[in-house]
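# Examining the three-dimensional arrangement
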Amino acid sequence: MHKKIFLFIDNLGPGGAQRQFVGLARFLRQKGYDVKTATYYDIPFYKSLLDEAGIPYECFNIDSKLALPRLVRSMKMFETDVLISFQTIPNSLACFAAKLVGTKLIVSERNTHQSVSLREKLIFQLYRMADYVVPNSHSEGKFVNEHFPFLKDKVVTITNFVDLNKFHPAKQKPKNRRTTILTAASIRESKNTKRYIEACIKAINQGCDVDIVWYGINDRATEIPEYVRYTDECVEMVRRNGMEGRIRLLPKRKNIEEAYHEADIFCLPSHFEGTPNVICEAMASGLPVMASNVCDNPNFVFPRKNGWLFNEMDIDDMCATICAVTTADSGTPYNYGLESRKIVEDKCSEEVFVSKYIKLIESL
């Protein structure tokens, strides 16, 4: 008989963690597990996917500080065997709930930590109560092992899955006048937008025949003022250098899979990344990839195989990479794109993802 799996997260909003959470619930249900899901905030963006799969969902609709008793009661009524939680606050609540109910616990660590604060120290001490701690990137797994060695035997990295049906190579690529390099990410200092724009301007001024497209502007009404200022500074940098026709900073795009089909190359110049979801989506879409040589990026982007890595702090190195991309042999992007698809099929399929979770569940 399959174990009864209870999955817990803060909300079902349109975030990457929520997409992976709902995907895991659906995949486990498809494998025959009895699954229930719960949140404490009512943001039902992905709820329809749970409904389609016939997965029970309960929203406590209360502040996180009051969620623990409701979580414990819901777990007991479901007769939970294994609790799986996503996100920091739900993970913290899950540690206490699993202990009170007497169930096994898997916490999924979705952050990409760069330093350790008192908050992190407290949270990772709570993870002593978990049976497994599952980072979604190898860099985060390494961070946890180095800074919290008492968890070393519990850490198992499981990278995110990619919907290989939704993200697939274009049947027919548009004939772009210039090489089009696409980025899909929020415009942030952490994403290194300004420095990348500076490198693009330099490359274009040197004669590189390239168009730059970045989908990443968020709604100003809901955006944090600090991020609005940074975005405005990036837009002004493009305008001041007369590059509006060659470098386009655009609002985030819902049908991003179509944007991958319209591009020739994908680029992510971030200072740090976990599992780089957009890189994996671009690879599934058959694109070669340029990326900063940080965190988990080198696990997906292999020079002279499916892309190019660069020093994100070095404008000259980024500029040289852009120029190398635009002057590559005509068959290189196509062949690199084929390799990208193969790599992501091997590393990020739904079957690989759920099989790794099932291995943990069945070991408990």
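Residues numbered from 1 in each chain as written. Predicted model: local features only at pLDDT ≥ 70, side-chain atom pairs only at ≥ 80, totals over all residues. Heavy atoms only, no water.

Along the chain, the regular secondary structure elements total 13 helices and twelve strands. Relative to a compact globule of 364 residues, whose C-alpha radius of gyration would be 21 Å, the chain shows 22 Å and is just as compact. With the C-alpha coordinates of the chain rotated into their principal frame, the extents come out at 65 × 40 × 40 Å. Of all 364 residues assigned to the chain, the portion counted as buried reaches 53%. (Helix = DSSP H or I, 4+ residues; strand = E, 2+ residues; numbered from the N terminus. Rg over C-alpha atoms; globule rule 2.2 N^0.38 Å. Buried < 20%, exposed > 50% of the residue type's maximum accessible area, 1.4 Å probe, protein only.)

With that settled, consider helix H4 (residues 88-101). Relative to the 20 Å expected for 14 residues at 1.5 Å per residue, H4 spans 20 Å between its end C-alpha atoms, a close match to the ideal helical length. Residues of H4 that are buried: Thr-88, Pro-90, Asn-91, Ser-92, Leu-93, Ala-94, Cys-95, Ala-97 and Ala-98. Next to the buried residues of H4 lie strand E1 (4-8), helix H3 (67-78), strand E4 (82-86), strand E5 (104-109) and helix H5 (118-126). Directly after H4, the chain includes Gly-102, whose backbone phi takes a positive value near 85°. (Expected span 1.5 Å × (residues − 1). Contact = heavy atoms within 4.5 Å.)

Enumeration according to the criterion identifies one disulfide in this entry. Through a disulfide, Cys-208 is tied to Cys-323; the S-S separation comes to 2.3 Å. The sign of the S-S torsion, about 115°, decides the handedness of the disulfide formed by Cys-208 and Cys-323: right-handed. Placement of the pair is Cys-208 in the loop between helix H7 (193-205) and strand E8 (210-217) and Cys-323 in helix H11 (residues 315-326), with a sequence separation of 115 residues. Residues Cys-208 and Cys-323 agree in their burial class; the two are buried. Unpaired in terms of disulfides, Cys-267 finds its nearest cysteine sulfur in Cys-200, a separation of 7.0 Å. We classify Cys-267 as buried; its relative accessible area is 0%. Left unpaired, Cys-280 is separated from the closest cysteine sulfur, that of Cys-348, by 3.9 Å. (Disulfide = S-S within 2.5 Å.)

A few words on the pattern of salt bridges. Evaluated as defined, the whole model comprises 23 salt bridges. For Glu-233, the salt bridge is made with Lys-194, and the minimal N-O distance between the two is 2.4 Å. Of the two residues, Glu-233 sits in helix H8 (residues 225-240) while Lys-194 sits in helix H7, which places them 39 residues apart along the sequence. For Lys-194, a relative accessible area of 25% translates into the label partly exposed. A salt bridge links Asp-211 to Arg-246; the nearest nitrogen and oxygen atoms lie 3.4 Å apart. Pair noted here: Asp-211 is in strand E8 and Arg-246 is in the loop between H8 and strand E9 (247-251), with a separation of 35 residues, a long-range link. On the basis of relative accessible area, Arg-246 is assigned to the buried category, the value being 18%. Each of the salt bridges in this network shares a partner with another, and the network as a whole consists of Arg-178, Asp-209, Asp-211 and Arg-246. (Salt bridge = Lys/Arg side-chain N within 4 Å of Asp/Glu carboxyl O.)

Strands in a sheet are paired, the pairing made by backbone hydrogen bonds, and the direction either parallel or antiparallel. Pairing is parallel across the open sheet formed by six strands, whose spatial order is E3-E2-E1-E4-E5-E6. Lying at the two open borders of the sheet, with one neighbouring strand each, are strand E3 (57-59) and strand E6 (132-135). Averaged over all pairs of adjacent strands, the angle between strand axes in this sheet comes to 20°, irrespective of strand direction. For strand E2 (residues 34-39) and E3, the ladder comprises three bridges, and the chain directions are parallel. The partner of Thr-37 across the bridge, within E3, is Tyr-57. (Pairing = 2+ DSSP bridges. Axes fitted to C-alpha atoms, helices over the stretch in contact; angles between N-to-C directions.)

Each regular strand shows side chains that alternate between the opposite faces of the sheet. Summarising burial for E1: four of the five residues are buried, a large majority. As judged from the five bridges shared by E1 and E2, these two strands associate in the parallel manner. Counterpart to Phe-6 in the pairing with E2 is Lys-36. The parallel pair E1 and E2 is bridged by helix H1 (residues 16-30), and the resulting crossover is right-handed. Across four bridges, E1 lies against E4 in parallel orientation. Bridging from a neighbouring strand, Phe-8 pairs with Ser-85 of E4. (Right-handed = clockwise from strand over helix to strand, strands pointing away.)

Going through the model one piece at a time under the given rule, you end up with 17 aromatic pairs. Ring geometry for Phe-8 versus Tyr-40: centroids 5.9 Å apart, planes at 55°, classification tilted. With Phe-8 in strand E1 and Tyr-40 in the loop between E2 and helix H2 (47-52), this pair connects stretches of sequence that are 32 residues apart. Like Tyr-40, Phe-8 is buried. On the numbers, 5.1 Å between centres and 75° between planes, the contact of Phe-124 with Tyr-127 is edge-to-face. (Phe/Tyr/Trp six-rings, centres within 6.5 Å; stacked < 30°, edge-to-face > 60°.)

Our focus in this paragraph is the pairing of E6. Because side chains alternate across E6, one face comprises the buried residues Tyr-132 and Val-134, and the other comprises Val-133 and Pro-135, equally buried. Pairing between E5 and E6: four bridges, direction parallel. Bridging from a neighbouring strand, Ile-106 pairs with Tyr-132 of E6. Since E5 and E6 lie parallel, the crossover through H5 that links them has a hand, and here it is right-handed.

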